[in-house]
Amino acid sequence: MSKIRYERPVIKKIETGMPNKFGTRTEYEPMTHIDGLAVKSLVKEYGSPLFILSEKTIRNTIKKARKAFETRYPKVQFAWSYKTNYLNAICSIFHQEGSWAEVVSGFEYDKAISLGVDGKKIIFNGPEKSEEDLAKAIKNNSLIHIDHLDELYTITELAEKINFRPRVAIRVNMDTGVYPMWDRFGFNYENGQAWDAINKIMHSGKMELAGLHCHIGTFMLSPYAYGIAASKLAELALSVEQKFKHEIKYIDLGGGFASKNTLKGSYLPGTDINPSFDDFAEAISTALLNSNFKQDKLPLLILETGRALIDEAGYLLGSVISNKRSSTGRRNTIVDIGVNILFTSFWYDHRITPAQAFTQYTEDTCVYGPLCMNIDVIRESISLPLLNRGDHVVIHSVGAYNMTQWMQFIALRPNVVLIDMDEKPHIIRLRETLDNMNSQEQVPAHLVKFNK
Amino acid sequence: MKLRKNVAVSEAGLLFNPVTGESFTVNPIGVEILNLIREDKSPDQISKAIVDKYSTDQTTFEKDYDDFIGILYHHNLLESHEETTI
Ligand SMILES: Cc1ncc(COP(=O)(O)O)c(C=O)c1O
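Okay, so let's go over this structure.

Reading the values: rules and limits
Residues numbered from 1 in each chain as written. Chains lettered and ligands numbered in written order. Predicted model: local features only at pLDDT ≥ 70, side-chain atom pairs only at ≥ 80, totals over all residues. Heavy atoms only, no water. Near = heavy atom within 4 Å. Polar contact = N/O pair within 3.5 Å; in protein donor to acceptor, adjacent residues only side chain to side chain. Areas by Shrake-Rupley, 256 points an atom, 1.4 Å probe, with all protein chains shown as cover. Nonpolar A, V, L, I, M, F, W, Y, C, P; charged D, E, K, R; others polar. Phe/Tyr/Trp six-rings, centres within 6.5 Å; stacked < 30°, edge-to-face > 60°. Helix = DSSP H or I, 4+ residues; strand = E, 2+ residues; numbered from the N terminus. Buried < 20%, exposed > 50% of the residue type's maximum accessible area, 1.4 Å probe, protein only. Lys NZ or Arg CZ within 6 Å of the ring centre and 35° of its normal. Patch = residues over 30% accessible without salt bridge, like charges linked within 9 Å, V, L, I, M, F, W, Y side chains within 5 Å. Salt bridge = Lys/Arg side-chain N within 4 Å of Asp/Glu carboxyl O. Pairing = 2+ DSSP bridges. Arc of directions from axis to C-beta. Contact = heavy atoms within 4.5 Å. Axes fitted to C-alpha atoms, helices over the stretch in contact; angles between N-to-C directions.

1. Things to note about the site of the ligand
All names here are of chain A.
Here comes step 1: Neighbouring the ligand are 15 residues, the closest being Lys83, Thr218, Gly256, Glu304 and Tyr401.
Here comes step 2: In the model, an oxygen atom of the ligand is placed 2.8 Å from a nitrogen or oxygen of the Gly306 main chain.
Here comes step 3: Between an oxygen atom of the ligand and a side-chain N or O atom of Tyr401, the distance comes to 2.6 Å.
Here comes step 4: Protein burial of the ligand: of its 400 Å² of free accessible surface, 94% is covered by the chains.
Here comes step 5: Taken together, the residues of the shell around the ligand sort by class into one nonpolar, nine polar and five charged.

If you want it as structure tokens, here you go:
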């Protein structure tokens, strides 16, 4: 006779009146499959923890974003923000979907070139570009976004030396009503720095001022702020046109659209309240179309959207190591996922779903990782169905930043698997090995021997 | 070990403690264990009954059982050891 599926005995106090910090139960269905593949088999084949990326979701999302903008504005170009996820397979999906590359360092620049991206379709942002990086970008005719005056002078000198006219933009920071204001990067709009920099570029005659750029923040929940940013850059562009009879070819509004994740401390889930691509597109295109550009002189709109294009396509699978009680009787669930590979758990209340069938009983628990450190908390408080040792969990919306900001710490970073359009799995980044780690190290001769 | 006298457990898993006015929900296996405790079954007997019926092993169950009993104490639903020895 087969036995009944076991569930831990639980008892839970019924709280009346007070809303509780664990929130209401959100999980009604286990997530047994991702794009047709069983979570259980994926873990068996590729190990736990395991990052999964869905090619289907990535392509659907970029298509949705393009449609939102292209139906409202005649000239739109997305540029994939490499720092968000620069695994080669992922960048290639975006490039196949028509995105340019947006990079912020020499390493990212070289990565784009090595993938075969045309230099003319690389936007080079960031405050730290070496002379060597800049020279390379100038020769490749890339779009260089100037962050500060020192860079402006370096580019002027290099342009003379290389005898090539670099295509540049300046990064502008501004007050869009959002707090805190991002004013560390680029030139300020309100105090006239941006206009000064533009004048320096135009008077030098050594560069082609092709565009204007801003990136007003990240995980922005206000489409309205983008409307303001677009209006301010439009005004600058029109001033350039008026004073220098020079046409600004593009306006780049950077990244920053919120994904569907839920920010820590938010009362409502991000899926319910965060603006859609349509909301952002409406605010931006309205601002540009209402500005004083002539119909045939509308600038190209560039978007460097990162997290909103990839977060939902990423899943992190893990396993339950143990269930414990804290000294105060609180339930703790230890999983094999540490914050070193789930950096975004510092910002988000990531949704967690069990990967196997469960009953309607739940438990309020704290989910933490294996790092032996107090900060290693994935979810401080979450109401979850009962989990047993060895059960699998699926952490949702982890596609952005985790696979670039992850740290190797006490264990090796896991496999990353892409599920393609035909629901076939491919490893796109191999699990690290001890040999990988050791191959980067060198031990001086006098430290090689010790008494065994 | 004894459940406090007045504590009422329904088959549907609602538990009420009239002394404190607190209500609790218990899952079916929890109700089963509470009933076995009521019937004065020893921990070993309870463990055997559960392991025979459900797809689990003794070690796993005994760990979960201890945890469950701990929470019953925490909520003051069991007669404390001192009381039973008086
Ligand atoms: C210049 C620039 N562009 C684009 C992005 C992508 O931002 P997000 O992922 O918030 O869309 C960033 C991220 O910080 C950035 O610094």
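2. Some remarks on the packing of aromatic side chains
The description of two aromatic rings rests on the distance between their centres and on the angle between their planes.
Residue and element names in this part refer to chain A.
Here comes step 1: Applying the stated criterion across every chain yields a total of 16 aromatic pairs over all chains.
Here comes step 2: For the ring pair Tyr86 and Phe107, a centre distance of 5.4 Å and an interplane angle of 80° mean the geometry is edge-to-face. One end of the pair, Tyr86, is in the loop between strand S5 (76-81) and helix H3 (88-96); the other, Phe107, is in helix H4 (residues 106-114), with 21 residues separating them in the sequence.
Here comes step 3: Using a relative accessible area of 49% as the deciding quantity, one classes Phe107 as partly exposed.
Here comes step 4: By way of ring pairs, the aromatic residues Phe219, Phe343, Phe346, Trp347, Tyr348 and Tyr401 are connected into one cluster.
Here comes step 5: The positively charged end of Lys129 is found above the aromatic ring belonging to Phe124, 5.7 Å away from the centroid.

3. Remarks on a nonpolar patch on the surface
Here comes step 1: A cluster of nonpolar side chains, namely Phe346(A), Trp347(A), Met373(A), Ile375(A), Met407(A), Phe409(A) and Ile410(A), defines an oily patch on the protein surface of about 670 Å² accessible area.
Here comes step 2: Overall, the relative accessible area of 32% leaves Phe409(A) in the partly exposed class.

4. Quick look at the pairing of strand S18 (residues 377-385) of chain A
Residue and element names in this part refer to chain A.
Here comes step 1: Taken across its nine residues, S18 has eight buried, putting it largely inside the fold.
Here comes step 2: Direction of pairing for strand S17 (residues 362-368) relative to S18: antiparallel, over a ladder of six bridges. Along S18, the bridge assignment pairs Thr365 with Ile382.

5. Here we look at helix H1 (residues 39-46) of chain A
All names here are of chain A.
Here comes step 1: Every buried residue of H1 is listed here: Val39, Leu42, Val43 and Tyr46. Viewed end-on, H1 has its buried residues packed into an arc of 95°, placing them on one side of the element. Exposed side of H1, more than 90 degrees from the buried face: Lys40, Lys44 and Glu45 are the residues found there.
Here comes step 2: Positioned one or two residues after H1, Gly47 has a phi angle of 95°, which is positive.

6. Topic: the environment of Phe219(A)
Residues and elements named next belong to chain A.
Here comes step 1: Its place among the elements puts Phe219 in the loop between strand S11 (208-213) and helix H8 (223-244).
Here comes step 2: Residue Phe219 is classed as buried on the basis of its relative accessible area of 9%.
Here comes step 3: C-alpha separation for the pair Phe219 and Leu386, spaced 167 residues apart in sequence, amounts to 32 Å.
Here comes step 4: In contact with Phe219, other than residues within four places in its own chain, are Gly256, Ala258, Ser259, Asn261, Leu263, Asn274, Arg307 and Tyr348.

7. Describing the sheet that holds strand S1 (residues 8-9) of chain B
Pairing between sheet strands relies on hydrogen bonds along the backbone, with the strands arranged either parallel or antiparallel.
Here comes step 1: Reading across the sheet, the four strands line up as S1(A)-S3(B)-S2(B)-S1(B) and stay open at both edges, with antiparallel pairing between neighbours. This sheet does not close on itself; its edge strands, each paired only once, are strand S1 (11-13) of chain A together with S1 of chain B.
Here comes step 2: Alignment of strand S2 (residues 14-17) of chain B against strand S3 (residues 22-26) of chain B, held across four bridges, turns out to be antiparallel. Among the inter-strand pairings, Phe16(B) is bridged to a residue of S3(B), identified as Ser23(B).
Here comes step 3: Contacting S1, S2 and S3 of chain B, helix H1 (residues 28-38) of chain B crosses the sheet at an angle of about 110° to S3(B).

8. As for the pattern of salt bridges
Where charged atoms from two side chains of opposite charge come close, those side chains can pair.
Here comes step 1: For the coordinates displayed, the defined rule picks out 27 salt bridges over all chains.
Here comes step 2: The residue Glu190(A) makes a salt bridge to Lys232(A) at a minimum N-O spacing of 2.6 Å. With Glu190(A) in the loop between strand S10 (187-188) and helix H7 (193-204) and Lys232(A) in helix H8, the pair connects residues that are 42 residues apart, well separated along the chain.
Here comes step 3: A relative accessible area of 40% means that Glu190(A) is categorised as partly exposed.
Here comes step 4: Linking Asp67(B) and Arg331(A) is a salt bridge whose minimum nitrogen-to-oxygen distance equals 2.8 Å. Taken together, the residues span two chains, with Asp67(B) in helix H3 (residues 58-74) and Arg331(A) in strand S15 (residues 331-335). An identical accessibility class is assigned to Asp67(B) and Arg331(A); each is buried.
Here comes step 5: Through salt bridges that share partners, Arg8(A), Arg325(A), Arg331(A), Glu363(A) and Asp67(B) make up one connected network.

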